[in-house]
Amino acid sequence: MIRSALFLAGAAALALPAHAQDASDDGDDIVVTSARAAQPADQTGQAVTVITRDEIERRQTVSIADLLATTPGVQVTRSGGVGTLTSVSIRGAASEHTLVVIDGVRVNDPSAPAGAFDFANLLSSSVARIEVVRGPDSVPWGSQAIGGVVNVITEQPGEGLQARANAEYGYADSVFASGGVSGRSGGLSGAFTAGYLRTDGISAAADGSERDGYRQFGATGRIGVEIAPGIGLDLRGYYADSRTDLDGFPPPSFTLADTPEYSKAQEIYGYAGLHADLAGGRFRNRIAFTIADVNRDNFDPTFGSAPSFFARGRSERYEYQGDFTIIEQVRAVFGAEHEDSRFYDGTLRKSAGLTSVYGELIVRPIDVLTVTGGVRNDDSDTFGSHTSFSANAALALKTRTTIRASYAEGFRAPSLYERFSSFGDPDLRPETAKSWDIGVEQALLDGRLRFGATFFDRTVRNRINFDIGCFCYGNIDRTHVQGVEAGLTLRPVDSLTFAANYTWMEPLNRSAGFDGLDLQRRPRDQWSASADYRLPFGLSLGATLLVAGDSFDDAANRVRLDGYAVAGIRAEMPIGDRFSIYGRVDNLFDERYQTVAGYGTYGRAAYGGVRLKL
């Protein structure tokens, strides 16, 4: 009854037209992910959502995946409580089609079966900004950007010295603490963060009674040194050490149940680069070396102390990028990259190399129109050469109407596991995608009201999946997804903000034997709404609602996942200029639901904390 009432109330609110851009977007906002170079948001023809540190703190977010779940076009599934396998899908694409970048480092795991990034261990401690590109973006970013790109930017230094810290306690004996310090003086800048989370959690198995806990310590750091005007050195590092209790499939029934199993993960990402701005800043150059190193181990004490699963993934990348403003109306962004990736599972050790070149031309023939076109070639020492194209346009009229359109191709190189494991096929071809979208957004009331909508269409061919005929991986699947993203933001007064978005899509499996069935774990309807109000004496009150429709847990569409509505409320009260106390209640109405069949989700849970800013 509660879910039905909430769904009807939300549907009424979203009967208004809406737009697909984030509430924080305006014509002056700068985005970097779309073209892999900084440009005003109203000059890109792609759909981009921006999430800032202010929103992370206002929403009192711990897991970044929970925040992404309320982003237009994004679906999140989790196999249990915090720390368990967490997948992010954009516009109905597979999780391995979401490219994740942290501080310029591609962090998708080369040791994972399909190379997907596990969002389970990505916490908010260090995150300052997130940009989500919805739709293929392979020209600037390469493989895996079929669904889109999630670009995570950690704490960045500003002028002077800044510091922040928070600590909270709540449901399941959960403790979360984080802090950061940053600053700039002359030619030297730096930012450092640290975070810790410990919780008793919930049972990963929905029918289990034993809590499965989680623990993580993480830290990030960056240092910038200006060697000469416009020339500098950039060093960045990211570290996370996590332990997650798991449930498994013990005998004799071999069904999901409580077990003493657990996993450990260590993630290390690094960036070292030099930048040089030449020709009076018109010609920007960057060379860099990046590394992503992921170690994962699973343990089952029932069978001894040795790991029951062992995986080591590592990628090293060498990059050059140029950004040249030829004339005021014409800009070229181009680059060359080489990546070496490898994995080791205790018995099998394999590696692959990929060399890429790309170029984009950004042209503004008139002040209100920006047209971008690009091409990329990736040459692999394992699957050969692949070329991708893209084009997009943004028309920003003086009426504060912006019309966007884009065409993009994407691809995903077969993973090392898919090619070389005992189930692999070394002759696999890359997955390929073609996508287009068109959208319009309108700002009224001096920007206090913004709404719009985007229609998208994407076809993926040569999808790699497990072929039960040969008991091996093969290029056997094809998918087609089309849909609409809509959004609305309203700020009638400075103290009140309301935002809502809605996504409808038709996620169809076009593979032999499954043609016309829905892709698994892709709700056709999903919407979210959020409201925040600050009272005159400083108290802030907020609420968020996420509603997802029915979906299926399996490709055959025989196991249904019921739709759900999850509401949360929050409050924060400042005490002086630098100190505040806050609290929230998640899943306010104690909704019982699953995003993966058989795995548990959190019921009603309350948390409270303190925040300090200097």
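This text gives an overview of the structure that appears in the document. In this text the structure is predicted, and so the values were computed from the model without any measurement.

So, on to the overall build of the chain. For the chain, the helix and strand inventory stands at five helices and 34 strands. In terms of overall dimensions, the chain is globule-like: its C-alpha atoms have a radius of gyration of 23 Å, near the 25 Å expected for 614 residues. In terms of overall dimensions, the chain has C-alpha extents of about 70 × 65 × 50 Å along its principal axes. By residue count, 55% of the 614 residues in the chain fall in the buried class. Carbon and sulfur atoms form 59% of the exposed surface of the chain, whose accessible area is close to 25,100 Å².

Here we come to the environment of Pro365. Among the secondary structure elements, Pro365 is positioned in strand S19 (residues 349–366). Sequence spacing of Pro365 and Gln144 is 221 residues, and the spatial spacing of their C-alpha atoms is 32 Å.

Take unusual backbone geometry next. Residue Pro252 is bonded to the preceding Pro251 through a cis peptide linkage, with omega at 5 degrees. Looking at the element boundaries, Pro252 is found in the loop between strand S14 (231–245) and strand S15 (262–278). Even without being a glycine, Ala172 presents a positive backbone phi close to 60 degrees. As for its placement among the helices and strands, Ala172 is situated in the loop between strand S10 (160–170) and strand S11 (174–185). Given a relative accessible area of 12%, Ala172 falls into the buried group. Backbone geometry at Ala279 places phi at a positive 55 degrees, although glycine is not the residue there. As for its position among the elements, Ala279 is in the loop between S15 and strand S16 (283–299).

Our focus in this paragraph is the state of the cysteines. Under the counting rule described, the total for this entry stands at one disulfide. One disulfide bridge connects Cys470 with Cys472, the sulfur atoms lying 1.9 Å from each other. Here the disulfide of Cys470 and Cys472 is left-handed, its torsion about the S-S bond being about -80 degrees. Owing to a relative accessible area of 42%, Cys470 belongs among the partly exposed residues under this scheme.

By secondary structure assignment, the location of Ser138 is in helix H4 (residues 138–141). Here Phe411 takes part through its backbone nitrogen, which lies 3.3 Å from a polar atom of the side chain of Ser138. If we skip the residues at most four places from it in the chain, Ser138 touches Ala145, Arg376, Ser388, Glu409, Gly410 and Phe411.

This part takes up the packing of aromatic side chains. On inspection of all chains with the given rule, the structure shows 17 aromatic pairs. Measuring from ring centre to ring centre gives 6.4 Å for Phe283 and Phe334, while their planes differ by 40 degrees; the resulting arrangement is tilted. On the criterion of sequence distance, the pair formed by Phe283 in strand S16 and Phe334 in strand S18 (residues 330–344) is long-range, its members being 51 residues apart. Of the residues examined, Phe283 reaches a relative accessible area of 23% and is grouped as partly exposed. On the numbers, 5.1 Å between centres and 45 degrees between planes, the contact of Phe289 with Tyr318 is tilted. On the criterion of sequence distance, the pair formed by Phe289 in strand S16 and Tyr318 in strand S17 (residues 307–327) is long-range, its members being 29 residues apart. A residue is classified by how much of its surface remains accessible, and Phe289, at 30% relative accessible area, is partly exposed. Here Arg236 stacks its cationic end above the ring of Tyr271, 3.9 Å away from the centre of that ring.

This next bit is on the sheet that holds strand S7 (residues 105–106). By way of backbone hydrogen bonds, the strands of a sheet pair with one another, either parallel or antiparallel. As summarised here, the arrangement of the five strands in space is S3-S8-S9-S6-S7, forming an open sheet in which the pairing is mixed. Because the sheet does not close on itself, it has two edges, and the strands there are strand S3 (47–52) and S7. Relative to strand S8 (residues 127–134), S3 runs antiparallel, the two being bridged by six bridges. Its bridge partner lying in S8, Thr49 is registered against Val132.

Here we come to the pairing of S10. Regular strands place side chains that alternate from one sheet face to the opposite one. In this structure, S10 lies alongside S11, joined through eleven bridges in antiparallel fashion. Note on S11: the bridge partner recorded for Ala165 is Gly179. If you look at the hairpin formed by S10 and S11, you'll find three residues sitting between the two strands, and Ala172 has a positive phi there, around 60 degrees. Pairing of S10 with strand S34 (residues 605–613), which is carried by seven bridges, proceeds in the antiparallel orientation. Paired with Gly170 across the strands is Tyr607, a residue of S34.

Right, let's get into the nonpolar core. One finds Leu68, Ile102, Phe119, Leu122, Ile130, Val150 and Tyr269 to be the most contacted residues of the largest nonpolar core, which totals 31 residues. No other element matches the four residues that helix H3 (residues 64–68) contributes to this core. If we ignore the near neighbours within four places in the chain, the residues touching Val150 are Leu68, Ile90, Thr98, Leu99, Val100, Val101, Phe119, Ile130, Glu131 and Val132.

Below, the discussion takes up a nonpolar patch on the surface. On the surface, a cluster of nonpolar side chains totalling about 950 Å² of accessible area is made up of Leu161, Val181, Leu188, Phe192, Ile223, Val225, Ile227, Ile231, Leu235, Leu274 and Ile287. Looking at the nonpolar patch, the elements that each hand over two or more residues are strand S12 (188–202), strand S13 (212–228) and S14. When residues of the nonpolar patch are assigned to their parent elements, the largest contribution, three residues, is made by S13. Relative to the assigned elements, Ile231 resides in strand S14.

Basis of the calculations
- Residues numbered from 1 in each chain as written.
- Predicted model: local features only at pLDDT ≥ 70, side-chain atom pairs only at ≥ 80, totals over all residues.
- Heavy atoms only, no water.
- Helix = DSSP H or I, 4+ residues; strand = E, 2+ residues; numbered from the N terminus.
- Rg over C-alpha atoms; globule rule 2.2 N^0.38 Å.
- Buried < 20%, exposed > 50% of the residue type's maximum accessible area, 1.4 Å probe, protein only.
- Areas by Shrake-Rupley, 256 points an atom, 1.4 Å probe, with all protein chains shown as cover.
- Disulfide = S-S within 2.5 Å.
- Polar contact = N/O pair within 3.5 Å; in protein donor to acceptor, adjacent residues only side chain to side chain.
- Contact = heavy atoms within 4.5 Å.
- Phe/Tyr/Trp six-rings, centres within 6.5 Å; stacked < 30°, edge-to-face > 60°.
- Lys NZ or Arg CZ within 6 Å of the ring centre and 35° of its normal.
- Pairing = 2+ DSSP bridges.
- Core = buried A, V, L, I, M, F, W, Y, C linked by side-chain atoms within 4.5 Å.
- Patch = residues over 30% accessible without salt bridge, like charges linked within 9 Å, V, L, I, M, F, W, Y side chains within 5 Å.
- Salt bridge = Lys/Arg side-chain N within 4 Å of Asp/Glu carboxyl O.

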